[in-house]
Each structure stands twice: as structure tokens, then as C-alpha cells.
Amino acid sequence: NAADTVGAAMAFGCVLVLAAVTAVSRARRENLLVTPGAAGLAFLRTPGGSTSLKMAHGRLIGPRGDAYTIRDGIACFASAADVTGRNKDLSALYRNIAGFYDDSQRIYAALTGLDRLALVRDYMADLRVEAGQRVLETSIGTGRSFEVLPPDLEVHGVDLSIEMLEVCRDNFALWKRAARLYAANAEALPFADDVFDRVFHVGGINFFSNPGAAIAEMIRVARPGARILIADETEKHAKAVYENLP
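The rules behind the values
- Residues numbered from 1 in each chain as written.
- Predicted model: local features only at pLDDT ≥ 70, side-chain atom pairs only at ≥ 80, totals over all residues.
- Heavy atoms only, no water.
- Helix = DSSP H or I, 4+ residues; strand = E, 2+ residues; numbered from the N terminus.
- Buried < 20%, exposed > 50% of the residue type's maximum accessible area, 1.4 Å probe, protein only.
- Contact = heavy atoms within 4.5 Å.
- Areas by Shrake-Rupley, 256 points an atom, 1.4 Å probe, with all protein chains shown as cover.
- Core = buried A, V, L, I, M, F, W, Y, C linked by side-chain atoms within 4.5 Å.
- Pairing = 2+ DSSP bridges.
- Axes fitted to C-alpha atoms, helices over the stretch in contact; angles between N-to-C directions.

(A) Summary view of the overall build of the protein chain. Along the backbone of the protein chain there are seven helices and nine strands. Residue burial in the protein chain is summarised as follows: out of 246 residues, 40% are buried. At a minimum sequence separation of 6, the contacts of the protein chain that also span at least 24 residues come to 69%. Carbon and sulfur atoms provide 56% of the accessible area of the protein chain, an area that totals close to 13,000 Å².

(B) Broad picture of the nonpolar core. Counting 21 residues, the largest nonpolar core has Met124, Ile140, Phe146, Leu149, Phe172, Leu181 and Phe200 as its most contacted members. For this core, the secondary-structure elements that each account for two or more residues are β4 (74-76), α4 (116-124), α5 (162-174) and β7 (180-183). No other element matches α5, which puts four residues into this core. Among the nonpolar cores identified, the runner-up in size contains 20 residues, and Leu44, Leu53, Ala184 and Ala192 belong to it.

(C) Structural detail: the environment of Ala226. Mapped onto the elements of the fold, Ala226 is located in strand β9 (residues 222-231). For the pair Ala226 and Phe196, spaced 30 residues apart in sequence, the C-alpha separation works out to 7.3 Å. Among residues more than four places away in sequence, those in contact with Ala226 are Phe196, Asp197 and Arg198.

(D) Highlighting the environment of Ala222. Checked against the element boundaries, Ala222 lands in strand β9. For Ala222, a relative accessible area of 6% translates into the label buried. Taking the C-alpha atoms as reference, Ala222 lies 4.8 Å from Phe196; in sequence the two are 26 residues apart. Excluding residues within four positions of it along the chain, Ala222 makes contact with Asp194, Val195, Phe196, Val199 and Ile228.

(E) Geometry of the sheet that holds strand β8 (residues 196-202). Pairing within the open sheet is mixed, and its nine strands lie in the order β1-β2-β3-β4-β7-β6-β5-β8-β9. Strands at the two margins of the open sheet, each flanked by one partner only, are β1 (54-56) and β9. Between one strand and the next, the sheet's axes are offset by a mean angle of 25°, whatever the strand orientation. Sheet topology places strand β6 (residues 154-159) next to β7; four bridges connect them, and they run parallel. Across the sheet, Asp159 pairs through a bridge with Ala183, a residue of β7. Those strands touched by α5 are β3 (67-71), β4, β6 and β7, and its axis lies near 175° from that of β7.

Okay, structure coming up:
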């Protein structure tokens, strides 16, 4: 009937819009490149912080021959074999949506009247970030939290999704800011102990395979006296919204 025809047309239109947005996002990623390289090698470690690394032949090498590649400026510490359980599901999800993630957030904010930057400023104020500090975000995603932070920071970002990190890398290039990015599991961070002045995580820890291990790692890599911020939906909200999604 007519209603079914209109509904099908609207659904097809949505698919076309998402496809177009994804194509634009991919073109943007291909046309921009920032290469932070392996700066900060002094405090990089094998995942979990156990052993130091050196640079050789464009890769990070551990004393036992562990080798980690650098892909367009992103150090890769997580292999497919390391990603299991809920982390594997999340990684697959973000691999598929990375190209239009930022655009979908803008559309959602416009439709709901949400002032996203005001919301981010509200919870990030508790972190009390100061200029010149070394700051780590676990699950950095596309890096949007840094829009409300001082520009002159030493930024480090970890995420399990290389696709999200590629968008993040390009965002920082557009903002003319530097960031050192790592594809790694937040439950086994590739850093030495007591490294960062500020450590934070926004969104996602509800769905980690082992949230406790991720929090312990954030504490381990933070310097004594550092501030740590974790922001996520409440259990009530997560159950009401996400458990009913396909």
C-alpha cells in the first residue's frame, strides 16, 4: 500500500545518506595525514607495562622479539587474537560506523536540541586539565573530548578500533594539533607506570570485557596525585536503551 511504499522510500533514502556520508568521510581520511610516529618511546611498553621497546625497521620491538607495527602514525598493540568477548563485538561495531560516527552525533544533537559541547565541558571540568600536561584518554574514539581542552597538551589516545583512530588522527590534523595514537586494549595499556598527569575515559566502559582491569590500568599509568575521570551512562540508562538495540 501507499504507506509501505513511503516507508520503503524513506528507508532507502536513509541508506543513501549514510552511504554518501561514509564516502565523504573516507575521502577526508585519505586526503589528510598526521604522523606522530613513535614519540614518547621512553615510556612505551609491551601491553600491561611489562617490558620496554625500541624502534627498528619501522616497528616497535620488545626484548623477546615482540613486534608492533606503526600504521600511518598509529602504533598497533592489539591483534585480532587479543580482542575477545564483548571487546570483539564492540570492535566490529565501531569498524562499521567509524566513517560516519561524528556526522551521526551531529545529526542526533540537532534533532534532540542537545548542546554536546556544553555537556562535554560540564563533565570534563572535573578533570581540571592544565596547559602543558601529559594527558591520556582511553577509548579516545574520534577525539572529540579534546575540543574543550587546552590546545597545548601532550595528547595520547588509546582505542581498540583502528578505524576510529584514523578518524581521530584526521580530526587532530584539521584542528592543527598533535596527538600520539595507539591501537590497544584499555585493559592492558602499552605504557610504563606513573606516566600521565591526567587520565580519562568517556563512554564505553559499560561494555568492556573487564571494566575492573581497565580501571586498574588507568590508575597504574597515572602519576601520583594525577586526576582520573570516568564518565559513562548509568546502569539504568544503559539497560533501558542499549539492551533493546539490534
